[in-house]
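Examining the three-dimensional arrangement
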Amino acid sequence: MSLTLTVSLLSGRSVTISSSLESTVEELRLQAQLGLKVGLERLVTESGVILQAMSTLRQTRLSEGATLTAHVRQAQLVSSALAFALLRSDGTVATWGNPIDGGDSSSVQELLKDVNQIQSSLHAFAAIRSDGSVVTWGRIGDGGNSKGVQPLLQDVVAIQSSSRAFAAIKTDGTVVTWGDDMYGGNCRAQKDQLKDVQAIHASRWSFGAAFAALRQDGRVVSWGLPHAGGDSSALRAQLTNVKQIQATHFGGSFAALKHDGTVVTWGIPHSGGDCSSVQDDLRNVQSIQATESAFAALRHDGHVVTWGSDRDGADSTEVAAQLENVRHIQATSKAFAAIRADGSVVTWGDPDCGGESSYVQDQLINVEHIQASALAFAAIRRDGTVVTWGTPHAGGDSSHVQDRLQHITAIQASRHSARGSFAALRSDGGVVTWGDPGSGGHSKMVQHQLFDVEQIQAAEHAFAAIRSDGRVVTWGHGDFAPEESHQELLQDVQPVTVCSFGAGAIGADGATITWTHGAGPSAAD
């Protein structure tokens, strides 16, 4: 016996399918995907119920002629330190960049189908397929090899990464880890506590890293390098009713924001793991921002509380009187910038990393958004102009492109720890770049292709721009850039939405276009 159903997109486009009552929802989704010629993530009933993939149509109790809404799978562009992975909307994946760091996925290419999500560590990638299984590639010891836990990697719904390890959350709230033990790749000792996990966060340090898992009951479980945040057992009684966790970028410390507005910290003491000196001020906190080794907490009254390494922004005494009516905080590696309600900006921390802004202070008015590289800030003002400060060669000096920094709608930053650059998107679809040439600050070679750009994605050393015609243009570190003579292959690439840590592309004919270190792109069926 069969059932006839209509599967419809939000755009109104639909397909009618007749399928056996013993067919699964997953089989129905794949049929609809072929009919609609677009990747589908899930099917939803008219009453808003998400159908489970392995349920049979009989079990769903759908009626003859029922209409289901299909949610289109969003494409992603994700980056590791030296490679990109492009997840197409049809669920296939293309990779490029340094082969060792995930730029070469040929060994698992047959498995990279029907992918819903990609996560990256510093040197590897992990992809979640629609059936909940996981595919990994890249540097073996840094999470690129998951063979040891592959039988456990089923029903996975989310993945988090540290520098050299991954942690996967399953539908039942349990956690599976793999990668370098010193970076959180082993959670066996915490297995009994890792239940009903809803989110995982990572803190990095020079010689290791740690994960902190937030459970549905508001409790926190951590593992990894013990003194870098991997051991929070001494604070178990305090780590309750937690709603949000923040981590330093390189200081091995965590800060947990509780529902009552108080904060609990752990990890390396001088890098933010000890907040005892400001504990009385940490009340009514609404959000927390972090540099490499310091935290800044924004309270509901608009005041800011800082702690951790003084050289990385923990010492805000000189600007304390100005830190009122703050509505947002941004951070480089060692400095903070606070936007106040009147659009003015207050900065503190390492002067070379943007903590000193006096020389542009008269320009920092009507600021709506601030972007940060590791060593510099870029502020977008209400009129679409841009003000920059910090290390000049890392994007702090934009004087040579200032006349083009008009009508800016968004800015992305490459965040190499010792360099960095910015790429600004104009309202006319043009792109303006500045900063370190080796990190994407110089785009002259591809500037004639940077038109009608809709989105820009940043990696550690490079940028990728997605044009309205679907073409992907990359520039920056040589490992990412295709040769000029091969650019014609990158035509009619399907548009994507982007995220990062976080080239290859797909042509309109469905061919995969990839290129690796020192080589131009090539097309494959």
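Please read all numbers here as calculations on a predicted model, not as lab measurements. (Residues numbered from 1 in each chain as written. Predicted model: local features only at pLDDT ≥ 70, side-chain atom pairs only at ≥ 80, totals over all residues. Heavy atoms only, no water.)

1. What about the overall build of the protein?
Our working rule: Runs of H or I in DSSP of at least four residues are treated as helices and runs of E of at least two as strands, each being numbered from the N terminus. Buried, partly exposed and exposed residues are distinguished by accessible area as a fraction of the type maximum, computed with a 1.4 Å probe on protein chains only: under 20%, between the cut-offs, and over 50%, respectively. The Shrake-Rupley method, run with a 1.4 Å probe sphere, supplies the accessible areas, and residue values consider only the shown protein chains as cover.
The helix and strand inventory of the protein stands at two helices and 37 strands. Here the protein holds 525 residues, and the buried ones make up 57% of them. Summing over all exposed atoms, the protein offers an accessible surface of approximately 21600 Å²; the carbon and sulfur share of this is 48%.

2. Some points on the environment of lysine 334
The cut-off we apply is this: By definition in these notes, contact holds between two residues if any of their heavy atoms fall within 4.5 Å. Here a polar contact is recorded for every N or O atom pair within 3.5 Å, except that within protein the pair must consist of a potential hydrogen donor and a potential acceptor, and residues adjacent in sequence are included only if both atoms are side-chain atoms.
Considering the arrangement of structural elements, one finds lysine 334 in the loop between strand 23 (326-331) and strand 24 (335-340). Spatially, the C-alpha atoms of lysine 334 and glycine 355 are 7.8 Å apart, while their sequence positions differ by 21 residues. Setting aside residues no more than four positions away along its own chain, lysine 334 makes contact with Thr291, Glu292, Arg311, Asp312, Gly313, Gly349, Asp350 and Cys353. Of note is the side chain of lysine 334, whose polar atom sits 3.4 Å from the side chain of glutamate 292.

3. What about the sheet that holds strand 20 (residues 285-290)?
The strands that make up a sheet are held in pairs by hydrogen bonds between backbone atoms, and each pair lies either parallel or antiparallel. Applicable threshold: By the convention used here, strands pair only if DSSP detects at least 2 bridges between them. Only the stretch in contact is used when fitting a helix axis, every axis being a line fitted to C-alpha atoms; angles between N-to-C directions are given from 0 to 180 degrees.
The strand order across the open sheet formed by three strands is 20-21-22, and the pairing between neighbours is antiparallel. On the outer flanks of this sheet lie strand 20 and strand 22 (304-308), each paired with one strand and no other. Between one strand and the next, the sheet's axes are offset by a mean angle of 20 degrees, whatever the strand orientation. As paired elements, strand 20 and strand 21 (residues 294-299) share five bridges and run antiparallel to each other. Paired with serine 287 across the strands is leucine 298, a residue of strand 21.

4. A closer look at the environment of aspartate 101
With respect to the helices and strands, the residue aspartate 101 is situated in the loop between strand 7 (93-97) and strand 8 (115-120). With a relative accessible area of 0%, aspartate 101 lands in the buried category. Separated by 20 residues in the primary sequence, aspartate 101 and serine 121 have C-alpha atoms spaced 9.2 Å apart. Those residues in contact with aspartate 101 that lie beyond four places of it in its chain are Ser80, Leu82, Ala83, His123, Ala124, Phe125, Gly138 and Arg139. Polar contacts involving the side chain of aspartate 101 include one to the side chain of histidine 123, which spans 2.9 Å.

5. With respect to the sheet that holds strand 31 (residues 431-435)
Reading across from one edge, 29-30-31 is the order of the three strands in this open sheet, with antiparallel pairing throughout. Since the sheet does not close on itself, it has two edges, and those belong to strand 29 (408-414) and strand 31, each with one partner. Each adjacent strand pair in this sheet contributes to an overall mean axis angle of 20 degrees, direction not counted.

6. Digging into the pairing of strand 33 (residues 462-467)
Within strand 33, six of the six residues are buried, leaving the element largely enclosed by the surrounding structure. Both faces of strand 33 are covered, namely the face carrying Ala462, Ala464 and Ile466 and the face carrying Phe463, Ala465 and Arg467. Note: strand 32 (residues 453-458) against strand 33, five bridges, orientation antiparallel. Looking at strand 33, one finds that glutamine 455 is bridged to isoleucine 466. Once strand 32 ends, the chain turns through three residues before running back antiparallel as strand 33. Sheet topology places strand 33 next to strand 34 (residues 472-476); five bridges connect them, and they run antiparallel. The residue of strand 34 that forms the bridge with phenylalanine 463 is tryptophan 475.

7. Points about unusual backbone geometry
Excluding glycine, most residues fall at negative phi; most peptide bonds, likewise, are trans. Its identity as a non-glycine residue notwithstanding, histidine 407 has a phi of 55 degrees, on the positive side. Within the element layout of this structure, histidine 407 appears in the loop between strand 28 (386-390) and strand 29. Phi at aspartate 452 takes a positive value of approximately 50 degrees, unusual for a residue other than glycine. Along the polypeptide, aspartate 452 turns up in the loop between strand 31 and strand 32.

8. Quick word on helix 1 (residues 25-36)
For the α-helix, the turn length of 3.6 residues means that residues three or four positions removed from each other point alike. The cut-off we apply is this: Here a helix's expected span is defined as the number of its residues, less one, multiplied by 1.5 Å.
The end-to-end C-alpha distance of helix 1 is 16 Å, a good match for the 16 Å that twelve residues give at a rise of 1.5 Å each. One or two positions beyond helix 1, positive phi appears at lysine 37, with a value near 60 degrees.

9. Side note on the packing of aromatic side chains
Where we set the bar: Geometry of aromatic contacts follows a simple scheme: Phe, Tyr and Trp rings, the Trp one being its six-membered ring, pair when their centres are within 6.5 Å, and the pair is stacked under 30 degrees between planes, edge-to-face over 60, tilted otherwise. Counting as a charge over the ring demands two things of the Lys NZ or Arg CZ atom: a distance within 6 Å of the ring centre and an angle within 35 degrees of the ring normal.
Under the counting rule described, the total for this entry stands at eleven aromatic pairs. Judged by centre distance (5.5 Å) and plane angle (25 degrees), the rings of phenylalanine 463 and tryptophan 475 are stacked. With phenylalanine 463 in strand 33 and tryptophan 475 in strand 34, this residue pair connects regions lying twelve residues apart in the sequence. The burial state of phenylalanine 463 is the same as that of tryptophan 475; both residues are buried. The ring of tyrosine 183 is capped by arginine 164, whose NZ or CZ atom sits 5.5 Å from the centre of that ring. Its guanidinium or amino end placed over the ring of phenylalanine 451, arginine 467 lies 4.1 Å from that ring's centre, counting from NZ or CZ.

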